[in-house]
Structure formats: structure tokens, C-alpha cells
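# Working through the structure, step by step
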Amino acid sequence: MKHLSSLATALERRLWTTHRLLLSLAMAVPIVLMWWSLWQPTPTRYPVSEFLINYADGFVRRGLGGQISLALHSFFGGPATIWAILLLSLAGASLCALILKIYSHTRPTQAMTPLILTPWGLLFITYDPDILIRKEVFGLIALALILLGALTLHPKRARALFLTACAALPLCALLHEANALLGGSFLCAAILFFRAHPQLKRITLLGSGLCALATLLATLAALRHPTADPAVICAAIPDPICTWPFPFMAGGAGSGFAYVQSYFTPAAWLNLAVVAAACSLPFFGLRPRNMRRAPLLGAAALIALPILPLFLIGIDYGRWIAMIALPASLIALTAIAQGTLSYTRILPPWAVLLYCGSWSFNHIAAALQWHALTLWIALALVCALQHLWPPRKTPM
């Protein structure tokens, strides 16, 4: 028993010391899968097809990504599909880099392993190969920019990051209207930004207000134009195998609600409750410092409540859970760096290994899966590479 405990402790330590490499390797997987699918004689992968929705038949929701891809296609040449994949790849790599930068600023401890190498974080995109990189990644990038601004010590750099994020969120709502529901997370991030840079009060208030107004207007405009002719969109790309998701653009919240009601059984709702409880587990390690729990609960409500309506109109429950949990973890880590929160170990090493490396869930109905077992293959690969090419020791 003692040997097993020692092995679990050593494995957990190894997971922690290599977490940056593991996350970087994980983000490479969906990028490689997208490029690989480009050369296969099958319809374009769904996230790429959705990104190619465009304004060929007039303004339509979610059409900005396709319009940018078409503009790049017209200016530089090359298929619009390749430009869409390139933009999604850059978005995924950027999000990974920004989150790793947040981790380096906050100096998280080994106790936070379940909060960082969790199946609902960056690894969620890897564990569900059908999701790849979706448009909400752009909203998460904007959120990460504000949090990095809250962590930097340079006011000019912080101001640039904050204003860039404020300008980006309305555009993210035109990529996918669900990005507007990250507004609660943005508000929490703006509060942390103000705590770090009280001298930028005017910029914070003005930028937040204009961002909220522009995002609201962009979202309302998108929701007022939900339909377009799929044949015209396909002709504009052009994609020889152009099918979904364009025919489904005509569906609204009402049809989505009816589909959710018809899809779920009591057993499915129970499954969702179990997955949601599992995803919330690492957050029980958070502890407020020098304040009551009420602000912490208020922040949790700000992050989660705007996302909850998505559970009523779409069955991508795994995506909605990740849109709550990942921003919450990044905001919590930033608050820890500012001294507002602390983190206490809540799981022994063997339980951390089970939590991070045994279970996962997909985006459709959050069905449980076992793709997290590949974490151990990735860890073995990283350890082998480190053994073959050990890091150079810097001279004293």
C-alpha cells in the first residue's frame, strides 16, 4: 500500500511538472485533425463548415468568420476552407498560449492540478475530437486578454490589453452569438482589472460600458437575421461537398427548445447532473481571503447564470459546461494571484490521478467518455522526449 501511495505521489508530481508541455501537445491535436480532414474525400468537419457561414445572401448570424475567410480567399487566393482552418488553428494556439501565460503569472501550485489538467479545460477540446475548435474560443481569447491585463504590472500594457478585449467581444458575438453570454465572466474580469489598476478607473468604466453596449447591439442584430439561403452560402465558398450546418440556420430558440425536450430522458438529465458535479469538484478548493463568501458566490452566479439558457435551446451540454468552468478557473487563478482567493488541496494524489486521467465527456449531451486515459500516453511521450533531450543546465 505504501508503494502505491508513493507511486501516486510521484505520478501526480510528474503531471504537474509537465503540465505546460501536456497542454501544448493537447492543443496540437485538434489543429492536426482539422488539417488532416482537409485532404479526406468527406464533407468538411463541422466546426470548419460553421466558420464558413458568410454574408453572400445578406447579413446572417455567425457569418463574420466566413466573410473574413472569403476576404482572405479573394485577396491572397487559396480555398476559403484553408483560410478557415488557419484562423481556427491560430485561435486555438493563441488561447493555449494566453492561458499558459496566465498560469505563469499566477504561479499555481501542485494542489491546483485538478483545476488545470481537468477534462473540462483546454483538454476538453482534445478529448472530444468532434468538437475541435469552436467559435467560443474567440470569446475566451478576449477574456484571457483582460485577465492578463489584470496580472501585468505595466499600466500602459494593461490598458492596451483591456481595450483590445473590449473591442474584440462585439466581433466575437458576430462570430457566434453565444460569445455574448460570456459577459458575466467579462464583468468579473473587469473587476479584477480595476483592483489591479485603480488608476485606470475611467478607462475601465468607459471601455466596459461601450463593450457591453456594442456586444448587445451586435447580438440583437445577429438574432434578427438568423436565416440565409444555404445554396448561396455554399456557392460563395466554394465547397464541392457543402452540406451542414447551413440548412440548420433557419432554426430558432423555439425549435431548439423543442429538440432539447424531445432528446432528454430522466436518465440523460441524471447524467448531466453527475457530469456537472464532477466538473465543479476542483472549485471546492477555493477559499476567500479577508472577505466573506458572498462575493465569491456572486462571481460564480455572474459567470454561470448567463450560460444557463443555452441548456434549454441546445444539446451541446458539454460545450456549455466548459463555457462556465474554464472562464471560472481562469478568473479564480487571477484572483488567487491578486490575493483575493487562496487554494487548498482537496484530493489526495491517487484521486487527482483518477480525476485528471480517467474520465472525460463530449459536447453532445455531456456523455461520459474515457478519452482522458490518453493523458498517460501523452505523459509517457513527454517523459521519453525529456529523457532523450534533457534540458540544459544554466551555469551559475
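Below, the structure is looked at part by part.

Cut-offs used in this document
Residues numbered from 1 in each chain as written. Predicted model: local features only at pLDDT ≥ 70, side-chain atom pairs only at ≥ 80, totals over all residues. Heavy atoms only, no water. Patch = residues over 30% accessible without salt bridge, like charges linked within 9 Å, V, L, I, M, F, W, Y side chains within 5 Å. Areas by Shrake-Rupley, 256 points an atom, 1.4 Å probe, with all protein chains shown as cover. Salt bridge = Lys/Arg side-chain N within 4 Å of Asp/Glu carboxyl O. Helix = DSSP H or I, 4+ residues; strand = E, 2+ residues; numbered from the N terminus. Buried < 20%, exposed > 50% of the residue type's maximum accessible area, 1.4 Å probe, protein only. Expected span 1.5 Å × (residues − 1). Contact = heavy atoms within 4.5 Å. 1 Å grid on protein atoms, 1.4 Å probe; cavity = no way out; pocket = protein on both sides within 12 Å on 5 of 7 lines; lining within 4 Å. Points joined across faces, edges and corners; volume = space filled by probe spheres on them. Nonpolar A, V, L, I, M, F, W, Y, C, P; charged D, E, K, R; others polar. Phe/Tyr/Trp six-rings, centres within 6.5 Å; stacked < 30°, edge-to-face > 60°.

A few words now on a nonpolar patch on the surface. A cluster of nonpolar side chains, Leu25, Leu381, Leu385, Leu388 and Trp389, forms an exposed patch at the surface whose accessible area comes to about 520 Å². Of all the elements, helix H19 (residues 374-388) adds the most residues to the nonpolar patch, at 3 residues. Leu25 sits in the partly exposed class, given a relative accessible area of 33%.

The next point concerns helix H14 (residues 266-280). Since the α-helix turns once every 3.6 residues, residues separated by three or four places project in the same direction. Look at H14: 21 Å from first C-alpha to last across 15 residues, which is about the 21 Å you get at 1.5 Å a residue. Buried-residue contacts for H14 involve helix H16 (310-313), helix H17 (317-337), helix H18 (349-357), strand E3 (360-361) and strand E4 (368-369).

Next up on the list: empty space enclosed by the protein. With a probe scaled to a water molecule rolled over the atoms, the places where space remains empty come into view. Evaluation of the coordinates by the stated rule reveals 1 cavity of 30 Å³ or more. Approximately 140 Å³ is the volume attributed to the largest cavity. Taken together, 17 residues line the largest cavity, and the ones lying closest to its centre are Phe124, Ile125, Glu136, Leu140 and Ala322. Broken down by element, the lining of the largest cavity gets its largest block of residues, 4 residues, from H17.

Inspection of the secondary structure puts Ile315 in the loop between H16 and H17. On the basis of relative accessibility, which here comes to 9%, the residue Ile315 falls in the buried class. Between the alpha carbons of Ile315 and Thr44 there is a distance of 22 Å; along the sequence they are 271 residues apart. Excluding anything up to four places from it in sequence, Ile315 contacts Tyr259, Val260, Tyr263, Phe264, His363, Ile364 and Ala365.

One number sums up the size of the second largest pocket: a volume of about 880 Å³. Forming the walls of the second largest pocket are 33 residues, and the residues nearest its centre are Leu286, Leu296, Ala299, Ala300 and Ile303. Only helix H10 (183-196), H14, strand E1 (286-288), helix H15 (294-304) and H17 provide two or more residues apiece to the lining of the second largest pocket. Classifying every residue of the lining of the second largest pocket by side-chain character gives 28 nonpolar, 2 polar and 3 charged.

Quick look at the packing of aromatic side chains now. The geometry of an aromatic ring pair is captured by the separation of the ring centres together with the interplanar angle, meaning the angle of the planes. Using the criterion set out here, one finds 11 aromatic pairs in the structure. Seen from their ring centres, Phe162 and Phe193 are 4.6 Å apart, and the 25° between their planes marks the pair as stacked. Taken together, the residues span a long stretch of sequence, with Phe162 in helix H9 (residues 155-175) and Phe193 in helix H10 at a distance of 31 residues. As far as burial versus exposure is concerned, Phe162 and Phe193 are alike and both buried. Plain terms: the ring middles of Tyr355 and Trp359 are 5.5 Å apart, the flat faces sit at 70° to each other, and that makes the pair edge-to-face. Comparing Tyr355 with Trp359 shows no difference in burial state: the two are buried. Through a chain of ring-to-ring contacts, three or more aromatic side chains come together here, namely Phe124, Tyr355, Trp359 and Phe361.

Keep in mind these values describe shape, not function.
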